[in-house]
Amino acid sequence: MALAACSTAPDKSSSTTGQFRQGGGHYKIGNPYQINGIWYYPAENENYDSVGIASWYGPGFHGKETANGEIFDENQISAAHPTLPMPVIARVTNLENGKSVILRINDRGPFAAGREIDLSKKAAEVLGFKEKGTARVRVQYVGRAPLEGGIGNATAVAETFVAPKVETPAEERRVAGTAPVTAVSTVATAELAPPPAAQPAATIQPVAAMQPVADAPAPRTELVAHAGTGNIYVQAGSFQSLQNAESVRQQLSGVGRVEIQTTMVDGTPFYRVRVGPLNDAPAADSSLQTVIAQGHRSARIVVD
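Residues numbered from 1 in each chain as written. Predicted model: local features only at pLDDT ≥ 70, side-chain atom pairs only at ≥ 80, totals over all residues. Heavy atoms only, no water.

## A short note on the overall build of the protein
Step number 1: Looking only at helices and strands, the protein has three helices and 13 strands in total.
Step number 2: Here the protein holds 304 residues, and 46% of them are scored as buried.
Step number 3: Across the protein, the fraction of contacts at a sequence separation of at least 24, relative to all contacts at a separation of at least 6, is 75%.
Step number 4: In the structure as shown, the protein presents an accessible area of about 14700 Å², 50% of it carried by carbon and sulfur atoms. (Helix = DSSP H or I, 4+ residues; strand = E, 2+ residues; numbered from the N terminus. Buried < 20%, exposed > 50% of the residue type's maximum accessible area, 1.4 Å probe, protein only. Contact = heavy atoms within 4.5 Å. Areas by Shrake-Rupley, 256 points an atom, 1.4 Å probe, with all protein chains shown as cover.)

Quick look at the structure:
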């Protein structure tokens, strides 16, 4: 399915901070879509607060359209997220050094298995992990972003979120509905039942460069004193049956250290089978591929 709008000139009423004209896109949630065999389910989530691994993108997409029709500028503070609406404002905190920044989410991604968010090159520099390539981060929803670009005064809060009616393009209507909730009752890891087959992703075409303008002011960052490093795991699955969880743990015993962690959800215990803790993102990527090869296609990387 199309993850980005067709190549068009951005709205001339948009603000002009940075190399390209900012804003000019449209509000979008989007329908479920599939990338590399994994289904993603975009949705409004005013309480979104998640910890995971961030990566960054830049040169290959600089000057091209984002998924909601804006122009991506690697030198601006922005990000791509697999499921949050666009454009919205979020706070991203690097848990490895405590640096935190409020930014604009206006694109879809990342689509590497186990990634939480993809930051622009500039955002990765500000949070101090551009050279390293990845970092453990916390992503917190703040509020809606102004369509004209930027983050406004960044005072929007989840309670004031009122989304306008979303117009779904005809080509996206083939992919509809959300994944049904499936109780885990067998040894196999529960997986999302996919919607009807999606259309292949459209190629994102470059747009003509606009006249350079004055550089935007330096982004304001904060230090979060209580930020922890977090532990990285590969979660093979979450089960309501301890016996099923134990069977999967034994199956994965050759992968490395495998443990069962118990968590309560609405008063019901769930047993999470996890490989780790792991040293870093590359180690997690390697373990994830091994776990998937063992038949657990819904495995994912988590940070606790």
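## Here's the deal with the environment of Asn231
Step number 1: Checked against the element boundaries, Asn231 lands in the loop between β9 (222-223) and β10 (232-239).
Step number 2: Along the primary structure Asn231 and Val303 are separated by 72 residues, whereas in three dimensions their C-alpha atoms are 5.4 Å apart.
Step number 3: Apart from residues lying up to four places away in sequence, Asn231 is in contact with Pro277, Val302, Val303 and Asp304.

## Observations regarding helix α2 (residues 242-251)
Step number 1: Every buried residue of α2 is listed here: Asn244, Ala245 and Val248. Buried positions in α2, seen along its axis, are confined to an arc of 100° and lie on one side of it.
Step number 2: On its buried face, α2 is in contact with β10, β11 (258-265) and β12 (268-278). (Arc of directions from axis to C-beta.)

## Quick notes on the pairing of strand β3 (residues 49-57)
Step number 1: Note: β3 against strand β8 (residues 135-144), six bridges, orientation antiparallel. The residue of β8 that forms the bridge with Ser50 is Val139.
Step number 2: Pairing analysis gives five bridges linking β3 to strand β7 (residues 115-120), with the strands arranged parallel. Among the inter-strand pairings, Tyr57 is bridged to a residue of β7, identified as Ser120. (Pairing = 2+ DSSP bridges.)

## Focus on the confidence of the model for the protein
Interpretation of the predicted coordinates at a detailed level should be avoided for regions scoring low in pLDDT.
Step number 1: Scored by pLDDT, the protein has a mean of 74; 68% of the residues are at 70 or more.
Step number 2: β9 is the least confidently modelled element of the protein, averaging 52 in pLDDT, while strand β4 (residues 78-80) averages 95, the highest of any element.
Step number 3: Overall, residues 4-17 carries pLDDT values under 50, and its contacts beyond four positions in sequence, including any with other chains, amount to 37 contacts.
Step number 4: Here residues 156-218 scores under 50 on pLDDT; set against residues more than four positions off or in separate chains, the count is 120 contacts. (pLDDT = per-residue confidence, 0-100.)

## Here's the deal with the nonpolar core
Step number 1: Among the nonpolar cores identified, the biggest contains 24 residues, and Val92, Leu103, Ile105, Ile117 and Leu119 are the most heavily contacted of them.
Step number 2: Secondary structure elements with two or more residues in this core: β5 (88-94), β6 (99-107), β7, α1 (121-126) and β8.
Step number 3: The element that contributes the greatest number of residues to this core is β8, accounting for four residues.
Step number 4: Leave out the neighbours within four places in its chain, and Val92 touches Lys99, Ser100, Val101, Leu103, Ile117, Leu119, Leu127, Val137, Arg138 and Val139.
Step number 5: Membership of the second largest hydrophobic core comes to 20 residues, among which are Ile53, Ile232, Leu288 and Val291. (Core = buried A, V, L, I, M, F, W, Y, C linked by side-chain atoms within 4.5 Å.)

## A closer look at empty space enclosed by the protein
Step number 1: The full count for this structure, using the stated rule, is three cavities of 30 Å³ or more.
Step number 2: Taken as a whole, the second largest cavity spans an internal volume of roughly 40 Å³.
Step number 3: Lining the second largest cavity are Ile53, Glu96, Lys132, Thr134, Ala135, Arg136, Ile232, Asp280 and Ala281.
Step number 4: The residue makeup of the lining of the second largest cavity, split by class, is four nonpolar, one polar and four charged. (1 Å grid on protein atoms, 1.4 Å probe; cavity = no way out; pocket = protein on both sides within 12 Å on 5 of 7 lines; lining within 4 Å. Points joined across faces, edges and corners; volume = space filled by probe spheres on them. Nonpolar A, V, L, I, M, F, W, Y, C, P; charged D, E, K, R; others polar.)

## Brief notes about the sheet that holds strand β13 (residues 300-303)
Step number 1: With respect to topology, four strands assemble into an open sheet ordered β11-β12-β10-β13, the strand pairing being antiparallel. Where the open sheet ends on each side, the last strands, each with one partner, are β11 and β13. Neighbour-to-neighbour, the strand axes of the sheet open up by a mean angle of 45°, direction not taken into account.
Step number 2: Of the strand pairs in this sheet, β11 and β12 are connected by eight bridges, and their pairing is antiparallel. Bridge pairing links Thr263 to Phe270 in β12.
Step number 3: Set on the sheet, helix α3 (residues 281-293) makes contact with β10, β12 and β13; between it and β10 the angle comes to about 30°. (Axes fitted to C-alpha atoms, helices over the stretch in contact; angles between N-to-C directions.)

## Comments concerning the packing of aromatic side chains
Step number 1: For the structure shown, the criterion picks out five aromatic pairs.
Step number 2: Ring geometry for Tyr40 versus Phe111: centroids 5.7 Å apart, planes at 65°, classification edge-to-face. One end of the pair, Tyr40, is in strand β2 (residues 38-40); the other, Phe111, is in the loop between β6 and β7, with 71 residues separating them in the sequence.
Step number 3: Aromatic pair Tyr57 and Phe61: ring centres 5.5 Å apart, planes at 70°, arrangement edge-to-face.
Step number 4: Among the residues examined, Tyr57 registers a relative accessible area of 8% and is labelled buried. (Phe/Tyr/Trp six-rings, centres within 6.5 Å; stacked < 30°, edge-to-face > 60°.)

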